[in-house]
Amino acid sequence: MLNKAAVAGEFGYHQQCQDVKLTHLCFADDIIVFTNGTSDSLRGIMGVMRRFASVSGLHLNVAKSSIYVTGRNTSALLTTAASMGISVGTLPIRYLGMPLTTKTLSSHDYEPLIQKIRGKMLSWSNRFLSFAGRLQLIQSVITSMVNFWSSAFILPAKCYDIIESMCSAFRWSGSPTQTHKAKVSWEDLSLPKDEGGLGVRKFKDTARAFALKLIWRLFTKPASLWVSWVTHYLLRYNSFWDVRGEHNGSWIWRKLLKLRDLAYEFVRFDIRDGTTAYFWVDNWLGIGKLINVTGAVGTTYLGISRHAKVSDAARGNTWNIRGRRSRRYREVYDHILAAAPPSPGTARTWDQLRERKSNVEWCKVVWFAQGVPRFSFVTWLSIRNRLSTGDRMRTWGITQVCGFCGERNETRDHLFFACPYSYTTWESLAKPLVGRNINPDWEWTVNRIRTMGGKSLDSILARMLFQTAVYYIWKERNSRRHHQRVTQTDQLRRFIDKAVRNRICSLRYTHGHKLEGLLRRWFQVTL
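Remember, predicted model here, so these are calculated numbers, not experimental data.

The contact between helix H21 (residues 420-434) and helix H23 (residues 457-481) brings their axes to 10 Å, and the two run at 170°. In this view, H21 runs roughly antiparallel relative to H23, as classed from their interaxial angle. Along this stretch, H21 crosses H23, giving a crossing that reads as right-handed. Of the residues in H23, those touching H21 at Tyr-421, Ser-422, Trp-426, Leu-429, Ala-430 and Leu-433 are Asp-458, Leu-461, Ala-462, Leu-465, Phe-466, Ala-469, Ile-473, Glu-476 and Arg-480.

Right, here's the structure in full:
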C-alpha cells in the first residue's frame, strides 16, 4: 500500500530513495517510512495507515511513533506532526537493539553491548560454571551477542579489546573484572585446537570477515535492496574498487572503502558475457588491477576507457584493443589473449584473515569426540604446562612440594606420572592399552598415545583414560593441598574407572555402530 501510494503521488519519495523506489523498511512490528519531508507527504502516509487499519484491524499507535526531520524549512512539517500527536525524535536512536547513528560509534554507543556481556558473566548461574562451562558460554552466548553487532557495525578496536579482556578474565577467574589469573594468553587461547588453542575466534578477525561479507554482497547479490541502493547513490554505477567516496555515504561505508585492498585478494570474476566486470579494476584475469600494471596512461594506449566493462573491450569473438603488436604491455596482452578465467571467490574468509601458527601434534590427544570437556581442558593446560604446579608457584613466592610423595620439586612431569602415587594409579589401568613397557615419562606417554592410531577402540580408550587420570590426579593433588580427605590409589583407580564407564554409557552407541564395542573392550581391560 505504501509503494502504490508513492507511485500515485500521495506522498513524495526521499531524495535518496526515489531511484530505487524505496518507501520503507520493515522488521516484525517496527517500520520506518522515508519521505521528502513535506506536510502533504505526512498526511499521505497517515492516510495509508488508516486504510490499512480498516482492512486489518491493526491501528497505528501514535504514542509509540516518532518523526525525525533534517534540513531547512521544517516548521510546517513539525506543526502538522504535532497536530497529529506524533512526537519529534532526534538521532541517534535504537533500532532492533542497536544504535542508529550517522557518526562513528563512540564508547557511549557501544556501552550497552559491554554492559550486557558483563551482566551475563556476573549472573549468579554463570559465576559457578566450570572452566569448560565458561568456555562454552563464551563460544556460544557471548560470541553470538558480539557477532550480532559486528554483522551491522564495524565496532571500534577499543570495544573489541574490552570484550576480549573481559572474556579472558571470566575464562580463568569466573569474573570479568579479575584479570590477573590467566594461565594462557588470549592470543594463544584464540588459536584453533589443532594449533594448540581452544578454538575461540578473535572478535576483530570475525568482525573483518563480516565487513568483507558486505563487500562480497556487492558482487553476488545484485537483487539486494542494500546493493541496489549503494549502486545508485554511492557507486553511481562506477566500480567499487575505483570509486572515490571518502566523503560520501555513512561512516560504515567509508570503513568498507578502507578494506578494499584486503577484500581485493578474495574476489575473482568469471567474465561470462563481460557486462559485469570492469576491465581496468576488477581482477578478471587473476593478476590484479590492470590499471596498476599499465598506469593511467594504459587507458589511452589500449584505447579502453577507465570505466569500461570487459565486454566493451571485445567485438564479436575477438578483442578490440589497440597496440597489440607493440612491445609495450606485452605481458598484459598475453594474459588477455590466453589466460583462462579463474574460479570465483574463496570460502572461509576468517580462516585466511587470522594469524596462523603451525599445527600441534598432540591436538588429537586433547580434542576428540568421546572426551569430557572439563577433562579435555585440564589436559590441555597440562600439555601446555600451565597448571599451578610447585615449580610455577615458586616463581610467585609460594613453596609447594608434591602432596603425594613429598618430592621437593613438584613439576608437571613429576606429577604425571613419575610420582609413585600417580604412576601406580596410571600403570594399573593403562598397561593393557598402552603396552607392558609403559614408561612414567610425560613426553613418552603423550607420544605413545598420539601414535596409537586415531580410530581403534584401544586408541580411543587410551585417550579417554589419559584425560580422566590427569583430571582426577590433579583434583586429588588440589584436595590434599587444601587439607581435605586423602584418597588411596585403589579408590582413585575406581573413581577413574567409573568416570570412563559413565562417559562411554552416555555416548549411547546403537547396535551396528563401529564403536558399540567400546564398553565391552573397557571391561576386558579393567577386569
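That shown, we press on.
What follows concerns the pattern of salt bridges. One side chain can pair with another of opposite charge once the charged atoms of both are near each other. In total, this model carries 16 salt bridges according to the counting rule given. Between Asp-242 and Arg-306 there is a salt bridge whose closest N-O contact spans 2.8 Å. With Asp-242 in the loop between helix H10 (225-235) and helix H11 (251-258) and Arg-306 in the loop between helix H14 (298-302) and strand S7 (314-315), the pair connects residues that are 64 residues apart, well separated along the chain. Of the residues examined, Asp-242 reaches a relative accessible area of 17% and is grouped as buried. Several salt bridges share partner residues, and in doing so they unite Asp-188, Lys-357 and Arg-384 into one network.

By the bridge criterion, 4 bridges tie strand S1 (residues 24-27) to strand S2 (residues 30-33) in an arrangement that is antiparallel. Looking across to S2, one finds that Leu-25 is bridged to Ile-32.

This part is about the environment of Leu-234. Position of Leu-234 relative to the elements: it lies in helix H10. C-alpha separation for the pair Leu-234 and Lys-116, spaced 118 residues apart in sequence, amounts to 35 Å. Setting aside chain neighbours within four positions, we find Leu-234 in contact with Trp-229, Val-243, Asn-248, Gly-249 and Trp-253.

We now examine helix H22 (residues 442-450). Residues of H22 that are buried include every one of Trp-442, Thr-445, Val-446 and Ile-449, and no others. The arc enclosing the buried residues of H22, seen along the axis, measures out at 95°, which places them on a common side. Those residues of H22 that are buried are in contact with helix H17 (363-366), helix H18 (373-383), helix H20 (412-418), H21 and H23.

Attention now goes to the packing of aromatic side chains. Under the counting rule described, the total for this entry stands at 23 aromatic pairs. Geometrically, the ring pair formed by Trp-229 and Tyr-233 is tilted, given 5.5 Å between the ring centres and 40° between the ring planes. In this pair, Trp-229 and Tyr-233 both sit in helix H10, 4 residues apart, roughly one turn of the helix. Owing to a relative accessible area of 23%, Trp-229 belongs among the partly exposed residues under this scheme. Ring geometry for Phe-375 and Tyr-471: centres 4.4 Å apart, planes at 35°, overall tilted. Residue Phe-375 is found in helix H18, and its partner Tyr-471 is found in helix H23; the two are separated by 96 residues along the sequence. Given the relative accessible area of 3%, Phe-375 is considered buried. Among the aromatic residues, those joined into a ring-pair cluster are Phe-219, Phe-240, Trp-241, Trp-253 and Tyr-264. Lying over the aromatic face of Tyr-421, Arg-480 brings its terminal NZ or CZ to 4.7 Å of the ring centre.

Cut-offs applied
- Residues numbered from 1 in each chain as written.
- Predicted model: local features only at pLDDT ≥ 70, side-chain atom pairs only at ≥ 80, totals over all residues.
- Heavy atoms only, no water.
- Axes fitted to C-alpha atoms, helices over the stretch in contact; angles between N-to-C directions.
- Helix = DSSP H or I, 4+ residues; strand = E, 2+ residues; numbered from the N terminus.
- Parallel < 35°, antiparallel > 145°, perpendicular 65-115°, else oblique.
- Left-handed = near helix turned anticlockwise from the far one by under 90°.
- Contact = heavy atoms within 4.5 Å.
- Salt bridge = Lys/Arg side-chain N within 4 Å of Asp/Glu carboxyl O.
- Buried < 20%, exposed > 50% of the residue type's maximum accessible area, 1.4 Å probe, protein only.
- Pairing = 2+ DSSP bridges.
- Arc of directions from axis to C-beta.
- Phe/Tyr/Trp six-rings, centres within 6.5 Å; stacked < 30°, edge-to-face > 60°.
- Lys NZ or Arg CZ within 6 Å of the ring centre and 35° of its normal.

Scope: geometric values only; no functional claims are made or implied.
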